[in-house]
Each structure stands twice: as structure tokens, then as C-alpha cells.
Amino acid sequence: MSKQLDGKVAVVTGAGTGIGRAVARLFASENARVVLAGRRMDKLKEVQTDIAAAGGDSHPVTTDVTSEDSVIALFRSAIERYGRVDILVNNAGASTSGETDKLPLAKWQKVIDTNLTGAFLCSREAFGLMKAQRSGRIINMGSVSAIVPRNGSAAYGASKFGLEGLTRAMAIEGRAFGVAVSVAQPGNTLPGLWSGREEQARKEGIMDAD
């Protein structure tokens, strides 16, 4: 039976857990061949097993989106395996909280490097491939924090506001080449960045208690 993503190749970052895992499984269910990118191979293998059990095709690649070399290797592996990339989902993310005047630079940099620079590095590699194909779709996983920031979220909010700007700039560049770029702005999900910190989230009013 023909499905929406027949013949398409999708790269999903942060594919081992949460939103990325769900997206990867959904794409595979629509007949996409999915490149699973993430830091932990054990988690990626779990997703690969789920996809294979449902009759899908996926390829796990250990990836650190903050590393230029790692991202280049990811897309090289995707091309070697499947010959093209039609969809990129920039989902890998990091979060931290705290008052701005007490926020260590290292924590700021980790969030910005993962959420913004990581999305740029992956998009840069995908963009070149998609331009040559004259088609493609890049989907950036933003956050409601880019619309309504919460207290103590300077790094996370800045990264998601920045991702919005990156998305708009790439969307303009991609039009002439058939490359569409968009951003989704989800709220809190489980499992996700707040897993293991549910009590903190409830205290901050970010998550309703069950």
C-alpha cells in the first residue's frame, strides 16, 4: 500500500527518546527510511528494533550535534546508506534553568550549542544535499518558550528564539530550490527534557501534577 513518505529518507536527531523517537517511528510507519541520530547507541537500537518489528527500515548513527565532525559523519553515513536525504528533523535538545545572574557560562553554552548550533550544523549539511536535489524539508523542533518564556529560562529561551530566526532565514534561502523550512513550537511532553525533574517542573508551574 502506498503511504505518504514512500521513497523518502529522513534524518531525525535526538531519535533515541521522547519526541524524536515518536517522530522516527511515525515516519517509518509511513514508509520513510529513517536515519536515527543520537548520543546513545543503546537507545537508538531500541528504536531500530521497534521500527524493524513493524516492518520498517532505519539506520542508527551515534551523533553529537554540537560536533561539526560528528554531524558531517552523520550525513555521510546517510548518503552511503540511502543515497539521499529528503527530510531533516532537528529535534536534539538540552535545557537548564536558573536565574540569569547565577547561570554558569558552561550551562549556557551547552544549551546554545545543542539547540541552536546543532540545528545549524545539521541544517547546513542537509541544505546542500537538498539544494542539489531541488527538494527537501527541514523541520526544527522549537518550543512554546520561543513565544512565552518562563522565569529562569534565559539559555533555553534564547536558544529557541534563535532557532525561530534560523528557521525564517533558511526558509527564504530554500524557496528557490524547493526546500521548505519550518518550526514546530510544542509545549511540555513526557518523556522529555523534564523527565526525572517532574517535581521541579510542578513547582515552577510548568507541568500539571497527575
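As shown above, the structure is provided for reference.
First things first, this report covers the structure right here in the doc. Only a predicted model underlies this, so the values are computations on that prediction, with no experimental measurement involved. (Residues numbered from 1 in each chain as written. Predicted model: local features only at pLDDT ≥ 70, side-chain atom pairs only at ≥ 80, totals over all residues. Heavy atoms only, no water.)

1. A look at the overall build of the chain
Then comes step 1: For the chain, the count of helices and strands is six helices and six strands.
Then comes step 2: Per-residue burial over the chain gives 42% buried out of 210 residues.
Then comes step 3: Taking the intrachain contacts of the chain between residues at least 6 apart in sequence as the baseline, contacts between residues at least 24 apart amount to 66%.
Then comes step 4: Total accessible area on the chain is roughly 10,500 Å²; 52% of this is exposed by carbon and sulfur atoms. (Helix = DSSP H or I, 4+ residues; strand = E, 2+ residues; numbered from the N terminus. Buried < 20%, exposed > 50% of the residue type's maximum accessible area, 1.4 Å probe, protein only. Contact = heavy atoms within 4.5 Å. Areas by Shrake-Rupley, 256 points an atom, 1.4 Å probe, with all protein chains shown as cover.)

2. Section: the environment of tryptophan 108
Then comes step 1: With respect to the helices, strands and loops of the structure, tryptophan 108 is situated in helix 4 (residues 105-133).
Then comes step 2: A C-alpha to C-alpha distance of 8.3 Å links tryptophan 108 and alanine 154, two positions 46 residues apart in sequence.
Then comes step 3: Contact partners of tryptophan 108, with chain neighbours within four places excluded, come to Leu103, Ala154, Ala155 and Ala158.

3. Observations regarding empty space enclosed by the protein
Then comes step 1: Applying the stated criterion across every chain, the model contains one cavity of 30 Å³ or more.
Then comes step 2: Taken together, Thr13, Val65, Asn90, Asn91, Ala92, Thr114, Asn115, Gly118, Ala119, Met141, Lys160 and Leu163 make up the full set of residues lining the largest cavity.
Then comes step 3: At the level of secondary structure, the elements contributing two or more residues to the lining of the largest cavity comprise helix 4 and helix 5 (154-174).
Then comes step 4: The element contributing the most residues to the lining of the largest cavity is helix 4, with four residues. (1 Å grid on protein atoms, 1.4 Å probe; cavity = no way out; pocket = protein on both sides within 12 Å on 5 of 7 lines; lining within 4 Å. Points joined across faces, edges and corners; volume = space filled by probe spheres on them.)

4. Description of a nonpolar patch on the surface
Then comes step 1: Together, Val144, Ile147 and Val148 line one region of the surface with nonpolar side chains, adding up to about 270 Å² of accessible area.
Then comes step 2: Tracing the sequence through the fold places valine 148 in the loop between strand 5 (136-141) and helix 5.
Then comes step 3: Under the relative-accessibility criterion, valine 148 is labelled exposed at 57%. (Patch = residues over 30% accessible without salt bridge, like charges linked within 9 Å, V, L, I, M, F, W, Y side chains within 5 Å. Salt bridge = Lys/Arg side-chain N within 4 Å of Asp/Glu carboxyl O.)

5. Quick notes on unusual backbone geometry
Then comes step 1: Positive phi, close to 75°, is recorded for asparagine 31, a residue that is not glycine.
Then comes step 2: Summarising the element assignment, asparagine 31 is placed in the loop between helix 1 (18-29) and strand 2 (33-38).
Then comes step 3: The phi torsion at arginine 134 lies on the positive side, around 65°, for a residue other than glycine.
Then comes step 4: Mapping arginine 134 onto the fold places it in the loop between helix 4 and strand 5.

6. A few points about helix 3 (residues 68-82)
Then comes step 1: Compared with an ideal rise of 1.5 Å per residue, which puts 15 residues at 21 Å, helix 3 spans 21 Å between its outermost C-alpha atoms and is within 8% of the ideal.
Then comes step 2: Against strand 1 (9-13), strand 2, strand 3 (57-62), strand 4 (87-90) and helix 4 lie the buried residues of helix 3.
Then comes step 3: Just beyond helix 3, the residue with positive phi is glycine 83, at close to 85°. (Expected span 1.5 Å × (residues − 1).)

7. Quick look at the sheet that holds strand 4
Then comes step 1: Spatially, 3-2-1-4-5-6 is the arrangement adopted by the six strands of the open sheet, whose pairing is parallel. The outermost strands of the open sheet, each flanked by one partner alone, are strand 3 and strand 6 (179-184). Here the strands of the sheet are splayed against their neighbours by 15° on average, with no regard to which way each runs.
Then comes step 2: By the bridge criterion, three bridges tie strand 1 to strand 4 in an arrangement that is parallel. Its bridge partner being in strand 4, alanine 10 is matched across the sheet by isoleucine 87.
Then comes step 3: Contacts between helix 2 (residues 41-53) and the sheet are confined to strand 2 and strand 3, with strand 3 contributing the most and set at about 180° to the helix. (Pairing = 2+ DSSP bridges. Axes fitted to C-alpha atoms, helices over the stretch in contact; angles between N-to-C directions.)

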